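The primary structure of each chain is shown beneath.
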Amino acid sequence: MGSFFHYGFPRIFLILALVFNSCMVSYGGNFFQEFDFTWGGNRAKIFNGGQLLSLSLDRQSGSGFQSKKEHLFGRIDMQIKLVAGNSAGTVTTYYLSSQGPTHDEIDFEFLGNVTGEPYILHTNIYAQGKGNKEQQFYLWFDPTKNFHTYSIIWKPQHIIFLVDNTPIRVYKNAESVGVPFPKNQPMRIYSSLWNADDWATRGGLVKTDWAKSPFTAYYRNYMAQRFSTSQFNDEKWQSQELDANGRRRLRWVQKNFMIYNYCTDIKRFPQGFPPECRRF
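Residues numbered from 1 in each chain as written. Predicted model: local features only at pLDDT ≥ 70, side-chain atom pairs only at ≥ 80, totals over all residues. Heavy atoms only, no water.

1. Quick look at the side chain of Thr 216
Within the secondary structure, Thr 216 is located in strand β17 (residues 215–226). A residue is classified by how much of its surface remains accessible, and Thr 216, at 19% relative accessible area, is buried. Within the local environment of Thr 216, its side chain forms a polar contact with the side chain of Ser 56, the two groups lying 2.9 Å apart. Beyond its immediate stretch of four places on either side in the chain, Thr 216 contacts Ser 54, Leu 55, Ser 56, Leu 82, Val 83 and Leu 193. (Helix = DSSP H or I, 4+ residues; strand = E, 2+ residues; numbered from the N terminus. Buried < 20%, exposed > 50% of the residue type's maximum accessible area, 1.4 Å probe, protein only. Polar contact = N/O pair within 3.5 Å; in protein donor to acceptor, adjacent residues only side chain to side chain. Contact = heavy atoms within 4.5 Å.)

Laid out in structure tokens, this is it:
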């Protein structure tokens, strides 16, 4: 891991910053300006002049928000501190989505757990209304103690999920083998905190302990970056993913922290894995 860090900063962060910040349009930071509350009433709050947002869940309702702007490709970063303590039965979501029966979607979902047991980070991709591309991970830190950065890089050729600038998943465009890829529908950013104790923790065996409510998650340092026209005209940029260190970190995460991969679920796909799994 030593060569991955340089003067206290992950090298991949520096490389990604060079690759994705050049000629990009960046905006964000203020929740008042960038987001609308969508449900939950006063369970959703903004503090510190728009720099901090919280969502809460109680027995009556959860809460959520969405971005005012739509995005078609770019990089989205959000720092989140998840529900602490006994979060079993709760789900905190952070995702990009369009609307309608043939919607596209790129998901982070954080499945709560009893005190002392790890969160499960659930990822998925939908294209033209079809998902079923799940990968799940444990995290290598306690996501309730401090804020951590969760990022999505969305390009026409691939989607990269990152945690604290460490890549955890790369999903490549497999249209050449007949698999739809989200690339035509602009998407908004959404987040919500809600009760899912019928399935979220140990398949629904562990229920939400309402005596511990309200449950609260916190958000800060939102940033969205749009790619420029010159980048889209650059074929090398289109196909560029991770450098050698990024690929090494990706392998480290997938070897040590991945707990489910649809591309290896033989029971689910007895007749053969989906074509994008065979391709990559």
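From this point, the narrative continues.
2. Re unusual backbone geometry
Note the cis peptide between Ser 213 and Pro 214, where omega equals 5°. Relative to the elements of secondary structure, Pro 214 occurs in the loop between β16 (188–195) and β17. Residue Asn 221 is not a glycine yet carries a positive backbone phi of 55°. Among the structural elements, Asn 221 can be located in strand β17. Of the residues examined, Asn 221 reaches a relative accessible area of 43% and is grouped as partly exposed.

3. As for the pairing of strand β8 (residues 74–81)
With 7 of 8 residues buried, β8 is to be regarded as a mostly interior element. Across 7 bridges, the pairing between β8 and strand β13 (residues 148–155) is antiparallel. Looking at β13, one finds that Gly 74 is bridged to Trp 154. Relative to β17, β8 runs antiparallel, the two being bridged by 6 bridges. If you follow Ile 80 over to β17, its bridge partner there is Tyr 219. (Pairing = 2+ DSSP bridges.)

4. Focus: the UniProt feature "active site" (unreviewed entry) in the protein chain
In this numbering, the UniProt entry assigns the feature "active site" (unreviewed entry) to Glu 105 and Glu 109. You can see Glu 105 is positioned in strand β10 (residues 105–111). Glu 105 gets classed as buried once you look at its relative accessible area, which sits at 13%. Within the structure, Glu 105 has its side chain in polar contact with the side chain of His 103 (distance 2.9 Å). Among the structural elements, Glu 109 can be located in strand β10. (UniProt positions renumbered as here; feature names shortened; annotations may be inferred.)

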